[in-house]
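Coordinate inspection notes
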Amino acid sequence: GPLLVILPVLSKLKLGLAANAFGSFYAMVGAGACLGAAMAMWRPVSDQKLGMLVLLANAVGGLTLFSLSWLTQPWLIAMNLLIFGCSSGLVAVAGIHWFQRGAPAQMLGRVMSILLFCVIGLLPASAALAGWLLQKTGLDQLCQSIGLVVVLIASGGMFLSQLRNMGQMEAE
């Protein structure tokens, strides 16, 4: 959600770039997401490492958002967004795998519909909140705040055995 607000402001106002750069930045996120999803499918992670992988990938995503506040070279921003997309794609595939494995078969449709609502349905609300925060704080502070929150949540999750060991859950 926040990238829907951050990237247009970053490309046009902070960097003074044209619309094609804006599109290229989004393309890097998409290419990274495809790469991350392919990596997750090509080399599946063991159940023992799934939780830690998801938490680390989220932390990397948070660090890339944080670093958008000080990057000024378009090619570095593009590489940063590729890494962000890669971590997001990896988390998406690993997370859906975990949800599908952990849900009882008779509840799988309901679980997946709630998951998709959270991923897709809350995107506009997340973007609206990011836009409001952008008006109140500014681009650099928004990137730093969102990135820091993601890193702190992912790092905190590493200390909770239920999250760190989530791949080892048994389906009921």
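Refer to the preceding data block for the structure.
Residues numbered from 1 in each chain as written. Predicted model: local features only at pLDDT ≥ 70, side-chain atom pairs only at ≥ 80, totals over all residues. Heavy atoms only, no water.

**Side note on the overall build of the protein chain**
Here is the rule: Secondary structure counts use DSSP, requiring at least four H or I residues in a row for a helix and at least two E residues in a row for a strand, with both numbered from the N terminus. For the radius of gyration, the atom set is restricted to C-alpha positions; the globular benchmark scales as 2.2 Å times the number of residues to the power 0.38. Whether a residue is buried, partly exposed or exposed follows from its accessible area with a 1.4 Å probe, protein chains only, as a fraction of its type maximum: under 20%, in between, or over 50%, in that order. Contact between two residues is taken to exist if any of their heavy atoms lie within 4.5 Å; hydrogens are not considered. Computed with the Shrake-Rupley method and a 1.4 Å probe, the accessible areas treat only the protein chains shown as cover for residues. The sign given to each residue is positive for Lys and Arg and negative for Asp and Glu; His and the chain ends receive no count. To locate a charge, take NZ of a lysine, CZ of an arginine, CG of an aspartate or CD of a glutamate.
When helices and strands are counted, the protein chain shows eight helices and zero strands. Counting helices and strands in the order they occur from the N terminus, the protein chain gives α-α-α-α-α-α-α-α. Computed over its C-alpha atoms, the radius of gyration of the protein chain comes to 17 Å, within 12% of the 16 Å expected for a compact globule of 172 residues. In terms of overall dimensions, the protein chain has C-alpha extents of about 55 × 30 × 30 Å along its principal axes. Looking at the 172 residues of the protein chain, the share that counts as buried comes to 35%. Considering only residue pairs separated by 6 or more positions, the protein chain has 77% of its internal contacts joining residues 24 or more positions apart. Total accessible area on the protein chain stands at roughly 9800 Å², and carbon and sulfur atoms take up 72% of it. For the protein chain, the separation between the mean place of its 8 positive charges and that of its 4 negative charges on side chains is 11 Å.

**Looking at the nonpolar core**
Under the convention used in this document: Throughout, nonpolar core names a set of buried Ala, Val, Leu, Ile, Met, Phe, Trp, Tyr and Cys residues whose side chains join them through atoms within 4.5 Å.
Judged by nonpolar contacts, the single largest core of 22 residues is most densely connected at Leu3, Ile6, Leu10, Phe25, Leu68, Ile77 and Leu81. Mapped onto this core, the elements with two or more residues apiece are α1 (2–14), α2 (19–42), α4 (74–102), α6 (123–137) and α7 (139–157). For this core, the leading source of residues is α1, giving five residues. With nine residues, the next largest nonpolar core counts Ala40, Ala57, Val91 and Ala94 among its residues.

**Some remarks on the environment of Leu71**
In this structure, Leu71 sits in the loop between α3 (47–67) and α4. C-alpha of Leu71 to C-alpha of Leu10: the two residues are 61 residues apart in sequence and 10.0 Å apart in space. If sequence neighbours within four positions are ignored, Leu71 has contacts with Lys14, Leu76, Ile77 and Asn80.

**So, the pattern of salt bridges**
Filter applied, for reference: Salt bridges are counted wherever a side-chain nitrogen of Lys or Arg sits within 4 Å of a carboxyl oxygen of Asp or Glu.
Considering all chains together, one arrives at one salt bridge under this definition. The salt bridge partner of Lys14 is Asp140, with a shortest N-O separation of 3.0 Å. Pair noted here: Lys14 is in helix α1 and Asp140 is in helix α7, with a separation of 126 residues, a long-range link.

**Focus on the layout of surface pockets**
To keep it simple, the criterion reads: Space inside and on the surface of the protein is sampled on a 1 Å grid over the protein atoms alone, with a cavity defined as a set of points where a 1.4 Å probe fits but cannot get out and a pocket as an open set with protein on both sides within 12 Å along at least 5 of 7 lines; lining residues have an atom within 4 Å of a point. Grid points are joined across faces, edges and corners, and a volume is the space filled by probe spheres set on the points. Three classes are used, and their members are as follows: Ala, Val, Leu, Ile, Met, Phe, Trp, Tyr, Cys and Pro are nonpolar, Asp, Glu, Lys and Arg are charged, and the others, Gly among them, are polar.
Of the volumes computed, that of the largest pocket is approximately 1400 Å³. The wall of the largest pocket is formed by 42 residues, among which Asn58, Phe84, Ser88, Val91 and Val119 lie closest to the centre. Among the secondary structure elements, those contributing two or more residues to the lining of the largest pocket are α1, α2, α3, α4, α5 (108–121), α6 and α7. Broken down by element, the lining of the largest pocket gets its largest block of residues, ten residues, from α4. By residue class, the composition of the lining of the largest pocket is 30 nonpolar, twelve polar and no charged.

That is the geometry; function is a separate question.
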